[in-house]
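# A structural walkthrough
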Amino acid sequence: MDETRLEQLEQEVAQLKARLDRLEQQPAADADMKGEPVSSVARPAVRPAFVKKQRTPVVKKVRTRDEWENVLATIWLPRIGAIFAAIGAIFLFSYASMAGLISPAVRIGSGVIIGLLVMALGEFQYEKKRRELGVGLVATGTIVSLSALFAGMALYEFYPPLLAFLLEIVVLAIAYGLMLWMRSTALLILVSVTGFLLPFLQLSDEPNVFLFLLYEVLLFTAVCIAILRLQSTKAYPVAAGIFFLALIFGSLTVNFETRPLIDEITLLMASFMGYLGLAYVGTRLPITYNYPSWIAGGFVLLSLSVVDWPFVYGLAVLFALLAYVVANQTKDAWQNGVGHIALLFAISQLPVDTLSLGDQFRTVLYALVVVGLWFVERQQVPYQRFFGIAVYLMLTLYTIGNYEAYRLNGQSYAVSVMGLTLATAAFILLLVRTHGEAIWRKYWQVVLFFAAVGVFVTYTLIVMELPFYADLDQTDRSTTLSVAYILLSFVLVAIGRWRGTAAWRLSGLLLLSVSAIKLLLFDLSFLSLIQKAFVFIGFGIVAFVISRTYFKKRQS
């Protein structure tokens, strides 16, 4: 019997060894089939390019009637009860004060103590698995304690504002710790809002921008740490919005009052830290678009415009480079857009005199930025070419608006016209290269219209900058423009016929039509007989030549 059992065990061991050998040989066999040696060293991960974060769609389950009843009873009822309890406590203290039942010192002390006890009761309820009730009680206790401390400072002046502020910070710190322990987004929003309002409750006639922004930065840092720990996407925009309000208050104070240099430096540093903090937090949260960080970039530029330093344009360029680095590190292509706007802001802040060569050189810089938006592939942002078209239209309007001022002062506008010519030539080159791409299919007619307007304006300014144009009278100037438009329309049609592109030909025909309308409605009343003869005969010859080419094309 024992021999039979021993023999069975030996057979099972032999089967296990054979199976183990087969398992060890299988990876080698797979590697031989693939033609690659098996290596225990892991390959380094390829760094991804700019990728668009996608959130997994969440299918919300429709709640039943029992579930709705449970939500109302366990979630919303404690929240509503907390609000009403806080209001009732305030009414109770008001009644006791008016009736003279308790002294002011007792009222303030008991209010603080009751608030802390309610917070402790909320913590106890949370331990008993009554989460929403515990959160509501903590929120109620926080509001009651802060209200009592503020009343002791503002109504009865038991202690100075600084001591009241420090005591309020202690209460807020307790609420902050309970918020992290309970992992409550509602408490996080409460801490953010009340923490932001505390400096405004100190009744100070002369605001200290340095201390205020320092406190707000510390509060913002603590709130961001809590947001990351709780992964709270709901509290994230609230915290960002509250910090933006702090920056707005600091900017208004610095802008409308004479403030020391330390306030301006603090404002600038706070805006930079806010931008970097939001850019970092946004990459750690499950969100698709980190729009608070883009808005924070705008607040950095607002701070730069408020401080009004002579070298602020250099700081704007450094911020643009910082935005490009942030975009590269976070893989958020929209941060490149922040950098582009910062560059445009830097150009607008150049310390140059109006109606000077340096002021005209600003147009060339704008044109270079426009060219970069169209052709530079490194710092791409979604819809960058359309953004470039918008900037190009603004550049065109900017150039037109400044032309009259230079003409009245008898100064040359050639540098600005050269910059607009550079941008227009780049626009035409862009359309020639990429007119077949899918990005233009829905918007080709609109983009072509903008290009035609840009070419028309640029060409008109070039003609106006000719050496002899300034010496002509109004009638001769109108004649010169008419002749120039007719020649340009002929050139556009010729280019379209040569390249076989309908866009060029249609642009030429459209410009020829505009020239005809101008001749009939405007030039006909001001030109002399000899001028009318030459201009109208020239228009007819060009029209016949263009029409002749179309007839030859149809016959062939």
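Residues numbered from 1 in each chain as written. Predicted model: local features only at pLDDT ≥ 70, side-chain atom pairs only at ≥ 80, totals over all residues. Heavy atoms only, no water.

## A short note on the overall build of the protein
The helix and strand tally for the protein stands at 19 helices and zero strands. On the protein, roughly 32,300 Å² of surface is accessible, and the fraction owed to carbon and sulfur atoms is 68%. (Helix = DSSP H or I, 4+ residues; strand = E, 2+ residues; numbered from the N terminus. Areas by Shrake-Rupley, 256 points an atom, 1.4 Å probe, with all protein chains shown as cover.)

## What about the nonpolar core?
Residues Met179, Leu187, Leu188, Ile227, Tyr275, Leu304 and Phe319 are the most contacted members of the largest nonpolar core, which totals 78 residues. Here the element with the most residues in this core is helix α7 (residues 209-230); it accounts for 12 residues. If we ignore the near neighbours within four places in the chain, the residues touching tyrosine 275 are Ser293, Ala296, Gly297, Val300, Phe319, Ala323, Val326, Gln335 and Val338. (Core = buried A, V, L, I, M, F, W, Y, C linked by side-chain atoms within 4.5 Å. Buried < 20%, exposed > 50% of the residue type's maximum accessible area, 1.4 Å probe, protein only. Contact = heavy atoms within 4.5 Å.)

## Some words on helix α12 (residues 334-348)
Between its first and last C-alpha, α12 extends 22 Å over 15 residues, near the 21 Å set by a 1.5 Å rise per residue. The buried fraction of α12 amounts to 11 of the 15 residues, a majority that puts the element mostly inside the structure. (Expected span 1.5 Å × (residues − 1).)

## Focus: the side chain of aspartate 332
With respect to the helices, strands and loops of the structure, aspartate 332 is situated in the loop between α11 (312-330) and α12. A distance of 3.2 Å separates polar atoms of two side chains, one belonging to aspartate 332 and the other to tryptophan 294. (Polar contact = N/O pair within 3.5 Å; in protein donor to acceptor, adjacent residues only side chain to side chain.)

## A look at unusual backbone geometry
Excluding glycine, most residues fall at negative phi; most peptide bonds, likewise, are trans. Phi at arginine 183 is positive, roughly 55°, even though this residue is not glycine. In this structure arginine 183 comes out as partly exposed when scored by relative accessible area, which is 44%. Non-glycine residue glutamine 231 carries a positive phi angle of around 50°. Residue placement: glutamine 231 occurs in the loop between α7 and α8 (235-256).

## Considering the packing of helix α13 (residues 357-375) against helix α15 (residues 414-434)
With their axes 7 Å apart at the nearest point, α13 and α15 run at an angle of 10° to one another. The angle between α13 and α15 places the two elements in the roughly parallel class. Looking at the contact of α13 with α15 residue by residue, the classes come out as 18 nonpolar, four polar and one charged. (Axes fitted to C-alpha atoms, helices over the stretch in contact; angles between N-to-C directions. Parallel < 35°, antiparallel > 145°, perpendicular 65-115°, else oblique. Nonpolar A, V, L, I, M, F, W, Y, C, P; charged D, E, K, R; others polar.)

## Side note on the packing of helix α9 (residues 261-283) against helix α10 (residues 291-307)
For any two helices packed against each other, the geometry comes down to the angle between their axes and how far apart the axes lie. Following both chains from N to C, one finds α9 and α10 inclined at 165°, their axes separated by 8 Å at the closest point. Classified by the angle their axes make, α9 and α10 are roughly antiparallel. Handedness of the α9/α10 crossing: left-handed. On α10, the residues that touch Glu264, Leu267, Leu268, Ser271, Phe272, Gly274, Tyr275, Leu278 and Ala279 of α9 are Pro292, Ser293, Ala296, Gly297, Phe299, Val300, Ser303, Leu304, Val306 and Val307. (Left-handed = near helix turned anticlockwise from the far one by under 90°.)

## Describing the pattern of salt bridges
By the definition in use, this model includes one salt bridge. One salt bridge in this structure joins arginine 362 and aspartate 359, with 3.3 Å as the shortest N-O distance. Here arginine 362 and its partner aspartate 359 are both found in helix α13, three residues apart, which amounts to about one turn of the helix. Each of the two residues, arginine 362 as well as aspartate 359, counts as buried. (Salt bridge = Lys/Arg side-chain N within 4 Å of Asp/Glu carboxyl O.)

## Some details on the side chain of glutamate 264
Position of glutamate 264 relative to the elements: it lies in helix α9. On the basis of relative accessibility, which here comes to 14%, the residue glutamate 264 falls in the buried class. Residues within four places of glutamate 264 in sequence aside, it is in contact with Val254, Val307 and Trp309.

## A word on the confidence of the model for the protein
The share of residues in the protein with pLDDT of 70 or more is 71%, and the mean pLDDT across the chain is 78. Counting contacts from residues 34-42, a segment whose pLDDT is below 50, to residues more than four positions away or on other chains yields four contacts. Scored below 50 in pLDDT, residues 46-53 shows 19 contacts in the model against residues more than four places distant or in partner chains. (pLDDT = per-residue confidence, 0-100.)

## Describing the environment of phenylalanine 210
By secondary structure assignment, the location of phenylalanine 210 is in helix α7. For the pair phenylalanine 210 and glutamate 264, spaced 54 residues apart in sequence, the C-alpha separation works out to 8.5 Å.

## Describing the packing of aromatic side chains
Using the criterion set out here, one finds 20 aromatic pairs in the structure. Arranged with centres 5.5 Å apart and planes meeting at 90°, the rings of phenylalanine 272 and phenylalanine 319 form a pair that is edge-to-face. Here phenylalanine 272 is found in helix α9, whereas its partner phenylalanine 319 is found in helix α11, with 47 residues between them in sequence. Comparing phenylalanine 272 with phenylalanine 319, the two get one shared label, buried. With a centroid separation of 5.9 Å and 75° between ring planes, the pair formed by tyrosine 366 and tyrosine 398 is classed as edge-to-face. Taken together, the residues tyrosine 366 in helix α13 and tyrosine 398 in helix α14 (residues 384-408) connect sequence positions 32 residues apart. (Phe/Tyr/Trp six-rings, centres within 6.5 Å; stacked < 30°, edge-to-face > 60°.)

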